[in-house]
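The chain contents come next:
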Amino acid sequence: MRCVHWRRVPLDLAREAREKSAAPHVDRSVQCQLSAHDEGEHFGLLTDAGAYGTALWLRWHGTDEAELVVLPDCPVAAPGPDGEGCCLFADHTTQHTWEDALEGVSYTS
């Protein structure tokens, strides 16, 4: 299950994010993309950073100031020949995004 914390993107950071990427639009608020947690840092995806294998993220902790960070993509994929790639950044805490998706799946025969 994904973290439930959201953060509005401050206007100055939204402007900076548009300047750093080719994306004409940056969301005004983002949800933390990590697995459910209450403590520690939160990370909301803004856009691809333009350089291959990187993305621009909004990082915040509680109600503290937010900042833009460019992070490399997580290289881990789910097991198997058609394994889904993780949609987070390298060295993230908690589960990979494909592991979160498997939590809600139940198999019956």
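Residue positions within a chain follow its written sequence, with the count starting from 1. Residue-level local features of this predicted model are given only where pLDDT is at least 70; pairs of side-chain atoms are given and counted only at 80 or more, and the full residue set underlies all totals for whole chains, interfaces and linings. The side-chain numbers reported here are obtained from all heavy atoms of the structure, hydrogens and water having been left aside.

Our next topic: the pattern of salt bridges. Side chains that differ in charge, positive against negative, can pair when their charged atoms come close. Throughout this description, the term salt bridge denotes a Lys or Arg side-chain nitrogen within 4 Å of a carboxyl oxygen of Asp or Glu. The final tally for this structure, using the stated rule, is three salt bridges. A salt bridge links glutamate 16 to lysine 20; its shortest N-O distance comes to 3.1 Å. Note that glutamate 16 and lysine 20 are positioned in helix α1 (residues 11-20) at a spacing of four residues, about one turn of the helix. Burial classification: accessible surface area is computed with a 1.4 Å probe over protein chains only, and a residue below 20% of its type maximum counts as buried, one above 50% as exposed, and the rest as partly exposed. A relative accessible area of 30% places glutamate 16 in the partly exposed class. With its nearest N and O atoms 3.9 Å apart, the salt bridge here joins arginine 59 to glutamate 41. Here arginine 59, found in strand β4 (residues 54-61), pairs with glutamate 41, found in strand β3 (residues 41-48); they are 18 residues apart in sequence, far enough to count as distant. Using a relative accessible area of 22% as the deciding quantity, one classes arginine 59 as partly exposed. In this structure, a network of salt bridges that share partners links the residues Glu41, Arg59 and Glu67. Strands are runs of DSSP state E lasting at least two residues, helices are runs of H or I lasting at least four, and both sets are numbered from the N terminus onward.

Attention now goes to unusual backbone geometry. Positioned with a positive phi, aspartate 91 is a non-glycine residue whose angle comes to about 65°. Position of aspartate 91 relative to the elements: it lies in the loop between β5 (67-72) and α2 (97-103).

Along the chain, glutamate 65 turns up in the loop between β4 and β5. Between the alpha carbons of glutamate 65 and proline 10 there is a distance of 9.4 Å; along the sequence they are 55 residues apart. The contact criterion used throughout is that any non-hydrogen atoms of two residues lie within 4.5 Å. With near-sequence residues (within four places) excluded, glutamate 65 lies in contact with Arg7, Arg59 and Trp60.

On the surface, a cluster of positive charge is made up of Arg8, Arg15, Arg18 and Arg28. Take arginine 18: it is sitting in helix α1. Note on patches: the residues involved have over 30% relative accessible area and no salt bridge, like charges join within 9 Å, and the nonpolar side chains Val, Leu, Ile, Met, Phe, Trp and Tyr join within 5 Å. Method for areas: the Shrake-Rupley scheme with a 1.4 Å probe, in which residue coverage is limited to the protein chains shown. Under this rule, positive means Lys or Arg and negative means Asp or Glu; His and the chain ends count for nothing. Throughout, a charge is located at the NZ atom of Lys, the CZ atom of Arg, the CG atom of Asp or the CD atom of Glu.

What tends to happen in soluble globular proteins is that the nonpolar side chains get buried as a cluster. Counting 26 residues, the largest nonpolar core has Val9, Phe43, Leu46, Trp57, Leu58 and Leu68 as the members making the most contacts within it. Going through the elements one at a time, α1, β3, β4 and β5 are the ones with two or more residues in this core. Ranked by the residues each element gives to this core, the list is headed by β4, at five residues. Excluding its chain neighbours within four sequence positions, the residues that come into contact with leucine 68 are Leu13, Glu16, Ala17, Leu46, Leu56, Trp57 and Leu58. Only buried residues count toward a nonpolar core, which is a set of Ala, Val, Leu, Ile, Met, Phe, Trp, Tyr and Cys residues joined through side-chain atoms within 4.5 Å.

Turning our eyes to something else, we now look at the side chain of threonine 54. Within the secondary structure, threonine 54 is located in strand β4. Not counting the four nearest positions on each side in its chain, threonine 54 is found in contact with Asp48, Ala49, Val70, Leu71, Pro72 and Asp73.

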